[in-house]
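Below are the chains, spelled out letter by letter.
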Amino acid sequence: MLRAAAVAESAGVPSTSLVCEGFVGQAGTTSVGLGYPNLAVSMVPGHVDTQSVEELKQNVLEVTLQSVIDNLTTDPEAAAAIKEPEPLDIVFEGTFEEVNRLYYENGWSDGLPIVPPTEAKVQDFLDFTERDPHEVIGTILPDNRSSTPWNVAVNGAMAGCRPEYMPVLMALAEAMADPEYGVEHSGNTPGAETLITINGPIIKQLGFNYEQGAMRDGFLPNSSIGRFWRLYLRNVAGFLLHQNDKGTYGNTWRVVLAENEDAVAKCGWEPSSVDMGFDAGDNTVTIARYTGGDVIVSVFGNEAKQMLPYLADGVLKQNGWQLSFTLGIATGTLKPLLLLSPILAETIAKSGYSKADVRQYLYDHARLPAWKFEQYLGEFTNLVPGRRTLQDMVNLGKAPVQFAESDDPDRLVPIVCSPDDFMIVVTGDPMRTNAYTFAHNGMLGYPVAKKIALPDGWDAKLRAAKAF
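Calculation rules
- Residues numbered from 1 in each chain as written.
- Predicted model: local features only at pLDDT ≥ 70, side-chain atom pairs only at ≥ 80, totals over all residues.
- Heavy atoms only, no water.
- Salt bridge = Lys/Arg side-chain N within 4 Å of Asp/Glu carboxyl O.
- Helix = DSSP H or I, 4+ residues; strand = E, 2+ residues; numbered from the N terminus.
- Buried < 20%, exposed > 50% of the residue type's maximum accessible area, 1.4 Å probe, protein only.
- Pairing = 2+ DSSP bridges.
- Phe/Tyr/Trp six-rings, centres within 6.5 Å; stacked < 30°, edge-to-face > 60°.
- Lys NZ or Arg CZ within 6 Å of the ring centre and 35° of its normal.

Draft legend 1. Structural detail: the pattern of salt bridges. A complete count under the given rule lists 18 salt bridges for this structure. The partner of lysine 266 in a salt bridge is glutamate 346, and the shortest N-O contact between them spans 3.7 Å. With a gap of 80 residues between them, lysine 266 in helix 10 (residues 261-267) and glutamate 346 in helix 13 (residues 342-350) connect regions that are remote in the sequence. The class of glutamate 346 is buried, set by a relative accessible area of 17%. Because the salt bridges share partners, they merge into one network encompassing Arg131, Glu135 and Glu174.

Draft legend 2. Representation of the environment of valine 416. With respect to the helices, strands and loops of the structure, valine 416 is situated in the loop between strand 10 (412-414) and strand 11 (423-426). Given the relative accessible area of 0%, valine 416 is considered buried. Spatially, the C-alpha atoms of valine 416 and threonine 433 are 26 Å apart, while their sequence positions differ by 17 residues.

Draft legend 3. Focus on the pairing of strand 2 (residues 41-44). In strand 2, alternate side chains face the same way, and those of Ser42 and Val44 are buried while those of Val41 and Met43 on the opposite face are not. In this structure, strand 1 (residues 17-20) lies alongside strand 2, joined through four bridges in parallel fashion. Its bridge partner lying in strand 2, serine 17 is registered against valine 41.

Draft legend 4. Representation of the packing of aromatic side chains in the model. This structure, assessed with the given rule, holds nine aromatic pairs. Both rings, one in tyrosine 181 and one in tryptophan 229, keep their centres 6.0 Å apart while their planes meet at 85°; by these two values the pair is edge-to-face. With tyrosine 181 in the loop between helix 7 (166-177) and strand 5 (193-199) and tryptophan 229 in helix 9 (residues 220-237), the pair connects residues that are 48 residues apart, well separated along the chain. One exposure class covers both tyrosine 181 and tryptophan 229, and it is buried. With a centroid separation of 5.8 Å and 70° between ring planes, the pair formed by phenylalanine 373 and phenylalanine 403 is classed as edge-to-face. Of this pair, phenylalanine 373 sits in helix 15 (residues 370-379) while phenylalanine 403 sits in the loop between helix 16 (390-395) and strand 10; the two residues are 30 residues apart in sequence, bridging distant segments of the chain. Assigned by exposure class, phenylalanine 373 and phenylalanine 403 land together as buried. Sitting over the face of the ring of tyrosine 363, arginine 367 holds its NZ or CZ atom 5.1 Å from the ring centroid.

This is the structure we're talking about:
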């Protein structure tokens, strides 16, 4: 609504946006990023999903209507200009404790101590990229700030990264700026959090953990680069709690997930980076936002046909309202993720299953009754207004034909539109028979991958960096 209002205002047409009470603060901060800091909003008290028709009517007539009239007939108050420091400005000098207090009080940190980004430290990071420090990588929403190597280096230093991680950080900034990913949705109410997956020789070169405890903090590259992502969302994109980060509960940042490419090769499979369009052996990062996940414990069996039913059951159980990204909010954008420990992947592969075969199995067996699918879309959530059946959606061209193979409400339907929508990564403790599955946030954090560009003289620079 606010983006539409900004377009209207730019054309000289007065506007006002109807905003539920809990989103008024977010509307204000989002308006700044749209270039209209005094964009008019009209509050609707409470939340419309919990009100009866009569309650909503009363609230709109008694509160919202007059605000709409006022906003469309009077000029808004002039907005105060806020000048931000230039990239090279020195904003403070002091002790470690004083710097951290300044950063915390200004909302520049995540509440944990940061490494002060001195000019010398930032330059150490810039030595690991060929790009000009102030070159614009892209524009990051919602605040419409420019992503540059300079501010990437600043936030990397703050997060505790080492300078040689800079090529990875640059690729992540490019991925964040990619419109297909949808960074502007990073503050939406489900509180989904980004998972970064890394592939290629750089995993071993930088010392990422890809074995036991693969998603646990404790390894510097996995932990600090994961923290960088959240700091960059805060300091460049502009997502701040109680403002335009409206996650109802939220998650903290996730450590980087590194794939065990040795195990992948042993299976005769391709790494997940190939699934994203790159060549095996390329250094890449893949980002996607997930609402949550769960471990699938003690997968039993010595062949695929014993293991796969339990895996399909685990993937199915992790998805509920997210099905609105399969059909509804953005058809075909749900991309569930399944992590397989190496021993599981190897056992499945020994049964003659390719990764494509595993995806096909999940597509065929991670299914639920049509009536339950419809409940998630309309009755439970109101995410697809009108309480349409799957048959209705197929008839309207909003769903693939396989969702209406009959009119039997008990027929089983898939949770995604295509087998290729399932993402699979091999990682974790090599000798544990556990898996892990994530529920995806659809188009509000769609999977995007970028190649990591290494600087000239990478090997020599890396050796020099490791010497300190």
